[in-house]
Amino acid sequence: MKTIIVDLTKPIQYNAGDPWFMRVKIKHKPHRKSHWLIRLALNLPFRLFPKNWTGWADDTIKNMGLHATTHIDAPWHYGPVVEGKPAKTIDQIPLEWCYGDGIVIDCTHKEDFVAITIDDLKKDLDKNGITIQEGNIVLIRTDRDKLMGTSDFVEKGTGMSKEATEWLIDQGVKVMGIDQWGWDLPLKYMAKKARELNDPEYFWEGHRIGIEKEYLHIEQLTNLGALPPSGFKICVFPLKIVGGSAAPARVVAIMNG
């Protein structure tokens with residue numbers, strides 16, 4: 001039986017269409033440059049270089065926030081305390097949480113600026129005969145990954161409501177994810193609505209559930225349309241960044257063909 005691995009991760013690269021705060025800058029150092037550095041720094045004379053070797057390539061990421069690409073947020077991102085205890089930073093997350101049976105919930109019908117509800121989740125689960133089990137990793141498909149690389153990626157999208165987020169946690173889900181810029185409705189839209197409603201509880205309500213109940217979510221996933229509703233494993237191991245509020249992760253689905 002063949003194992004199929006589906007990449008769900010946004011490429012890490014410079015993209016001029018990204019908002020300024022998301023533009024990753026990578027400096028690529030060619031082989032020929034290291035050739036000279038090795039000779040100067042290590043005092044290795046040219047006659048001792050292997051004849052078929054021009055030097056090693058190297059690269060430096062000059063500008064990449066921990067939330068700039070496909071990443072998993074730690075409880076520390078939501079607030080300093082959760083369930084009355086210090087919130088975990090990304091290096092403190094048990095790796096057991098980051099590997100498990102995956103479920104995709106199709107919410108592609110949701111319009112921009114309309115939050116995903118518990119009813120939306122239940123309808124798709126019932127349609128596919130799926131019951132969430134403790135430890136499942138649940139991915140919310142919106143197809144807004146198609147906007148990656150454009151200004152609309154940040155400005156538009158649906159988002160998880162407070163109630164829907166809490167419902168998933170109550171089913172035993174520790175890790176969940178979405179294929180759009182953020183977990184909630186778009187930031188500017190939430191700020192605008194909070195002013196209109198004069199409601200201090202409206203802004204960032206999906207994230208803020210993480211102050212009351214411990215959970216993690218993945219943002220900026222891609223390619224969820226390539227997955228079935230269930231029957232696969234998800235691997236989402238974050239970089240071990242000490243004290244980090246999040247970390248980039250290579251998120252993959254693993255299934256049998």
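Quick summary incoming for the structure in this document. (Residues numbered from 1 in each chain as written. Predicted model: local features only at pLDDT ≥ 70, side-chain atom pairs only at ≥ 80, totals over all residues. Heavy atoms only, no water.)

1. A few points about the environment of V6
Keep this limit in mind: Think of it this way: any DSSP run of H or I at least four residues long counts as a helix, any run of E at least two long counts as a strand, and we number them from the N terminus. When accessible area is computed with a 1.4 Å probe and restricted to protein chains, residues below 20% of their type maximum are described as buried, those above 50% as exposed, and intermediate ones as partly exposed. Here a residue-residue contact requires only that any non-hydrogen atoms of the pair lie within 4.5 Å.
Take V6: it is sitting in strand β1 (residues 3–7). Looking at V6, the relative accessible area reads 10%, which means it is buried. Between the C-alpha atoms of V6 and I254, which are 248 residues apart in sequence, the distance is 6.5 Å. Contacts of V6, omitting those with residues within four sequence positions, involve N223, A226, L227, V251, V252, A253 and M255.

2. Things to note about empty space enclosed by the protein
One simple way to see leftover space: roll a probe sized like a water molecule over the atoms. Test applied: For cavity detection a 1 Å grid was placed over the protein atoms alone, and a set of points counts as a cavity when a 1.4 Å probe fits there but cannot get out; an open set counts as a pocket when protein lies on both sides within 12 Å along at least five of seven lines, with lining residues being those that have an atom within 4 Å of a point. Grid points are joined across faces, edges and corners, and a volume is the space filled by probe spheres set on the points.
Scanning the entire structure with this criterion turns up one cavity of 30 Å³ or more. Each pocket or cavity is described by its volume, and for the largest cavity that value is around 40 Å³. Taken together, F153, V154, K156, Q180, W181, G182, D184, L185 and P186 form the lining of the largest cavity.

3. Examining a positive patch on the surface
Using the following cut-off: The residues that make up patches have over 30% relative accessible area and no salt bridge, and they are joined within 9 Å when like-charged or within 5 Å when they are Val, Leu, Ile, Met, Phe, Trp or Tyr. Shrake-Rupley sampling with a 1.4 Å probe provides the accessible areas, and residues are treated as covered by the protein chains on show and by no other component. One side-chain nitrogen of Lys or Arg within 4 Å of one carboxyl oxygen of Asp or Glu is enough to make a salt bridge. For the purpose of charge, His is not counted, nor are the chain termini; Lys and Arg are scored as positive and Asp and Glu as negative. Think of each charge as sitting on NZ of Lys, CZ of Arg, CG of Asp or CD of Glu.
Residues K25, K27, K33 and K62 make up a contiguous surface patch of positive charge. One can find K25 in strand β2 (residues 25–29). Overall, K25 belongs to the partly exposed group, its relative accessible area being 44%.

These values are about where atoms sit, not about what they do.
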